[in-house]
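Examining the three-dimensional arrangement
Here are the chains, one letter per residue:
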Amino acid sequence: RWLRQHEHVEKLNMHGILSASAGQEQLLTELLVTHAKIPVLVGELISVEIWKHKVFPVLCRLEDFKPRSTFPIYLVLHHEASIINLLETVFFYKEICESAEDSILDLIDYCHRKLTLLAARSTKAQAVTSADPVPPQELQKQAEMMEFEISLKALSVLRFITDQVDSLPLSAVTRMLNTHNLPCLLVELVEHCPWSCWEAGRLKKFENGTWHVVPPEEQVKMTKLDGQVWLALLNLLLSPECQRKYRLDGFNKSQLLKLRAFLTDVLIDQLPNLVEMQRFLSYLAVTEPAPPKKDLILEQVPVIWDHILKKNSGKWGAIAKHQVKHAFSPTEEELKFQARRWAQTYSLDMMEALAPDKPRCRVCGVEAAKRCSRCRNEWYCTR
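Remember, predicted model here, so these are calculated numbers, not experimental data. (Residues numbered from 1 in each chain as written. Predicted model: local features only at pLDDT ≥ 70, side-chain atom pairs only at ≥ 80, totals over all residues. Heavy atoms only, no water.)

1. Here we look at the overall build of the protein
The condition is simple: In DSSP terms, a helix is any run of H or I states spanning at least four residues, a strand is any run of E spanning at least two, and both are numbered starting from the N terminus. The buried label goes to any residue with under 20% of its type's maximum accessible area, the exposed label to any with over 50%, and the partly exposed label to all in between, with areas taken from a 1.4 Å probe on protein chains only. Whether two residues are in contact is decided by their heavy atoms, any of which lying within 4.5 Å being enough. Each accessible area value is a Shrake-Rupley result obtained with a 1.4 Å probe; residue values ignore everything except the protein chains displayed when judging cover.
Counting its secondary structure elements, the protein contains 19 helices and five strands. The burial tally for the protein puts 46% of its 383 residues in the buried class. Relative to all contacts within the protein whose residues are 6 or more apart in sequence, the contacts with residues 24 or more apart total 76%. Just so you have it, the protein exposes about 21000 Å², and 54% of that area is on carbon and sulfur atoms.

Structure below.
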């Protein structure tokens, strides 16, 4: 049953990528909103995250666990990457963010945990490669590499959430600003930039799933990840609602003022909105901000993470042993069957079936290249 669910998520993920590349994400977003699937995806995302922290290490320590193939375990590790990639594709839309409802708090907590890991990541370990390990070390290495990419996806999801600050629940804004102090965490990412490192005198940056050497003439160019951090900071610091709630004490003020060193003319030319950030920081440097207004409210708290932990507390070893016996030690026939299923999932015929039809002009019916800027649904071949 879980394998079928993962297969469905993978197909949705592929459909989302193909739809986004064709500019036709509307059908997928409507499907997820209508069937209330965003809270389900968030719950599944956190379940796999907990499995990685609580069960996976136990599996790797079991002396009698010598699987014929590590593919079934890899699928579980990959499941988290598929879900976060799907959420990154669709969270650009306001209706998706709103349809998350209370689970948005759990997603904010998830993104905070991933960004904390990203900020603590050693730059020395980012681009280092080692000799091919053997299981379970191989699985652990794959999990670490996947964790880095998942954290980068979580950064994009968080930035899309901050785009909708005005329509988020009050508890979500308070949680981002004061519970987790995301502005200061984002300052850490600007300062240390974990997707960039120097190796043998050459600058390397992580883009599109791989590390690559940056030519000297492009070293000052802003990457997509840099842009996500700056846009999230703009949303969290310049929104009137956020300015009303954020506690700008001495520590927070000193951390935010570190950004002034990075706001160069070259950077502002690439993202002109940062002029407003520069003005805000200049004003912050010479004034003492008023303390935030204290509202007496009943604050919501995320429930998915705590519910799963309480339900399975003290059972992680038993869960690992049960899964070794019933899930991760398949017979040769079962492995062949799974391999055939996944070959079908990733076949060209399947991808063509998932790919959306090319848009047609609403007037004449020919293939269209221009979409209405207002409704974002109708297409036209000319203006």
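2. Remarks on the pattern of salt bridges
Worth spelling out the cut-off: Throughout this description, the term salt bridge denotes a Lys or Arg side-chain nitrogen within 4 Å of a carboxyl oxygen of Asp or Glu.
This model, assessed by the stated rule, comprises 14 salt bridges. Ionic pairing is found between Lys-94 and Glu-98, a salt bridge with its closest N-O pair at 4.0 Å. Residue Lys-94 and its partner Glu-98 are located together in helix H6 (residues 94-99), separated by four residues, close to a single helical turn. For Lys-94, a relative accessible area of 42% corresponds to the partly exposed category. The class for Glu-98 is partly exposed, based on a relative accessible area of 41%.

3. Examining the packing of aromatic side chains
For clarity, the threshold we go by: Each aromatic pair joins two rings of Phe, Tyr and Trp (for Trp, the six-membered one) with centres within 6.5 Å, and gets the label stacked for planes under 30 degrees apart, edge-to-face for over 60, and tilted for any other angle.
Applying the stated criterion to the full structure yields seven aromatic pairs. Look at Phe-148 and Trp-211: their rings are 6.0 Å apart centre to centre, the planes differ by 5°, and that puts the pair in the stacked class. Here the residue Phe-148 occupies a position in helix H8 (residues 137-163), and Trp-211 occupies one in strand E3 (residues 210-213), the gap between them amounting to 63 residues. Accessibility expressed as a relative area gives 5% for Phe-148, which makes it buried.

4. Section: the pairing of E3
What counts here: The pairing criterion for strands is at least two bridges between them, as found by DSSP.
Both strand E2 (residues 202-207) and E3 contribute to a ladder of four bridges, which runs antiparallel. Paired with Lys-204 across the two strands is Val-213, which belongs to E3. Taking the residues that link successive antiparallel strands as the turn, the E2-E3 hairpin has two residues, and the phi of Asn-208 there is positive, at about 55°.

5. Let's talk about the packing of helix H7 (residues 103-120) against H8
Two quantities define a packed helix pair, namely the angle between the helix axes and the distance between the axes. Selection rule: Only C-alpha atoms enter the line fits that serve as axes; for helices the fit covers just the stretch in contact. Angles between N-to-C directions range over 0 to 180 degrees. Any angle between 65 and 115 degrees counts as roughly perpendicular, while under 35 counts as roughly parallel, over 145 as roughly antiparallel, and the rest as oblique. Two helices cross in a left-handed way if the nearer one is turned anticlockwise from the farther one by less than a right angle. They cross in a right-handed way if the turn is clockwise. Amino acid classes used here: Ala, Val, Leu, Ile, Met, Phe, Trp, Tyr, Cys and Pro are nonpolar; Asp, Glu, Lys and Arg are charged; the rest, including Gly, are polar.
Viewed as axis vectors pointing N to C, H7 and H8 meet at an angle of 130°, and their least axial separation amounts to 8 Å. Comparing their axes, H8 and H7 come out oblique. You can see that H7 and H8 cross each other, and the crossing is left-handed. Within the contact between the two elements, H7 uses Ile-104, Leu-107, Ile-108, Tyr-110, Cys-111, Lys-114, Leu-115, Leu-117 and Leu-118 and H8 uses Glu-147, Phe-148, Ile-150, Ser-151, Leu-152, Ala-154, Leu-155, Val-157, Leu-158 and Ile-161. Here the residues of the contact of H7 with H8 sort into 16 nonpolar, one polar and two charged.

6. Observations regarding the packing of helix H3 (residues 38-54) against helix H16 (residues 304-312)
Two elements in contact, H3 and H16, have axes separated by 10 Å at closest approach and are oriented at 45°. The angle between H3 and H16 falls in the class oblique. Our pair here, H3 against H16, has a crossing hand that is right-handed. When H3 is examined against H16, the residues Val-42, Gly-43, Ile-46, Ser-47, Glu-49, Ile-50 and Lys-54 are found in contact with a partner set consisting of Ile-304, Trp-305, Ile-308 and Leu-309. Here the residues of the contact of H3 with H16 are counted per class, giving seven nonpolar, two polar and two charged.

7. Structural notes on helix H5 (residues 71-90)
To keep it simple, the criterion reads: Each helix should span, by expectation, one fewer than its residue count multiplied by 1.5 Å. Axes are fitted to the seven residues ending at a residue and to the seven starting at it; the angle between these axes is taken as the bend at that residue.
Here H5 is 20 residues long and its end C-alpha atoms lie 28 Å apart, about the 28 Å a rise of 1.5 Å per residue gives. At His-78, H5 shows its largest kink, close to 30°. Judged by how many residues are buried, H5 sits mostly within the fold: 18 of 20 residues are covered.

8. Notes on the confidence of the model for the protein
To be explicit about the condition: Scored from 0 to 100, pLDDT records how confident the predictor is in each individual residue.
The predicted model of the protein has a mean per-residue pLDDT of 83, with 84% of residues at 70 or higher. Here helix H19 (residues 348-354) stands out as the least confident element of the protein, with mean pLDDT 49; helix H11 (residues 224-238) is the most confident, with 95. The model gives residues 123-134 a pLDDT under 50, and that stretch makes 15 contacts with residues more than four places away or in other chains. Counting contacts from residues 350-356, a segment whose pLDDT is below 50, to residues more than four positions away or on other chains yields 15 contacts.

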